[in-house]
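These are the residues of each chain, in order.
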Amino acid sequence: MKIFKRTQRSIHLMVVTITLLGMGLKAQAQMDRDDMAITLSLISKSKKATICNYLEIDQSPKYQGFWKVYGEYESKRKAIMVHKLELLDDYLKNYYILDDAKASRITIELMHTDQLIGKLDGHYFKKFQKLLGGLQATKIFQIENFMQTAMTANIQSKTPIIGEIEKLSRLQHN
């Protein structure tokens with residue numbers, strides 16, 4: 001029962017953090033790099049608390065090696081995610097004037113950020129596996145995948161497909 005309650009708190013914390021991210025993304029066109037970094041830092045803290053709960057570890061000296069490696073991982077991941085959010089910001093700012101070249105550039109760069117995240121995850125999975133074992137390393141990436149999926153769904157729900165706004169506008173005027 002104690003683990004279940006701790007799990008509920010972790011999930012609640014993640015949902016609150018993702019909601020905060022969503023509120024920030026509503027005004028995405030006004031977000032700057034610092035705002036994005038702050039939002040991602042909030043998510044990072046939420047993940048850290050969740051990892052403590054799910055892996056049943058703490059920040060004692062016993063786990064100092066893990067937290068050092070995890071800090072490196074989060075720092076690199078955050079840099080990639082800031083770039084991804086900047087690309088989405090670029091898309092939103094230029095939504096009405098997108099041309100083939102700009103749309104293609106943004107899409108290719110977004111795909112590249114996904115590849116970088118995959119490569120980073122693979123590299124750090126091996127490190128976490130050496131430090132904590134396969135099951136614990138897998139839990140870390142289950143949490144990462146949960147957060148990434150929730151964040152992506154939140155972003156997608158606020159990102160119009162090219163031509164969608166114009167189509168809705170035409171339907172409203174008819």
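Residues numbered from 1 in each chain as written. Predicted model: local features only at pLDDT ≥ 70, side-chain atom pairs only at ≥ 80, totals over all residues. Heavy atoms only, no water.

Describe the overall build of the chain, listing the residues and the values that go with them.
Of regular secondary structure, the chain possesses six helices and zero strands. When contacts within the chain are restricted to residue pairs at least 6 apart in sequence, those whose partners lie at least 24 apart make up 74%. (Helix = DSSP H or I, 4+ residues; strand = E, 2+ residues; numbered from the N terminus. Contact = heavy atoms within 4.5 Å.)

Which residues make up the layout of surface pockets, and what are the values?
What the largest pocket holds in volume is close to 460 Å³. The wall of the largest pocket is formed by 22 residues, among which Lys 84, Leu 88, Leu 110, Asp 114 and Gln 156 lie closest to the centre. Of all the secondary-structure elements, those providing two or more residues to the lining of the largest pocket are helix H3 (64–93), helix H4 (100–132) and helix H5 (134–157). Ranked by residues supplied to the lining of the largest pocket, first place goes to H4 with eight residues. Residues that form the lining of the largest pocket fall into these classes: 12 nonpolar, six polar and four charged. (1 Å grid on protein atoms, 1.4 Å probe; cavity = no way out; pocket = protein on both sides within 12 Å on 5 of 7 lines; lining within 4 Å. Points joined across faces, edges and corners; volume = space filled by probe spheres on them. Nonpolar A, V, L, I, M, F, W, Y, C, P; charged D, E, K, R; others polar.)

Give me the lowdown on the nonpolar core, citing residues and values where you can.
Ranked by size, the top nonpolar core spans 34 residues in total, and within it Ile 51, Phe 66, Trp 67, Tyr 70, Phe 128 and Ile 140 carry the most contacts. For this core, the elements supplying multiple residues, two or more each, are helix H2 (33–55), H3, H4 and H5. Per element, the largest residue contribution to this core is 12 residues, and it comes from H3. Not counting residues up to four positions away in its chain, the partners in contact with Phe 66 are Ile 51, Ile 57, Phe 128, Leu 131, Leu 132 and Ile 140. (Core = buried A, V, L, I, M, F, W, Y, C linked by side-chain atoms within 4.5 Å. Buried < 20%, exposed > 50% of the residue type's maximum accessible area, 1.4 Å probe, protein only.)

Describe the pattern of salt bridges, and please don't skip the residues or the numbers.
Following the criterion strictly, the structure yields 10 salt bridges and no others. Between Asp 89 and Lys 93 there is a salt bridge; the shortest N-O distance is 3.1 Å. Pair noted here: Asp 89 and Lys 93 are both in helix H3, with a separation of four residues, about one helical turn. A salt bridge links Glu 109 to Arg 105; the nearest nitrogen and oxygen atoms lie 2.8 Å apart. Of this pair, Glu 109 and Arg 105 both sit in helix H4, four residues apart, roughly one helical turn. Among the residues examined, Glu 109 registers a relative accessible area of 25% and is labelled partly exposed. (Salt bridge = Lys/Arg side-chain N within 4 Å of Asp/Glu carboxyl O.)

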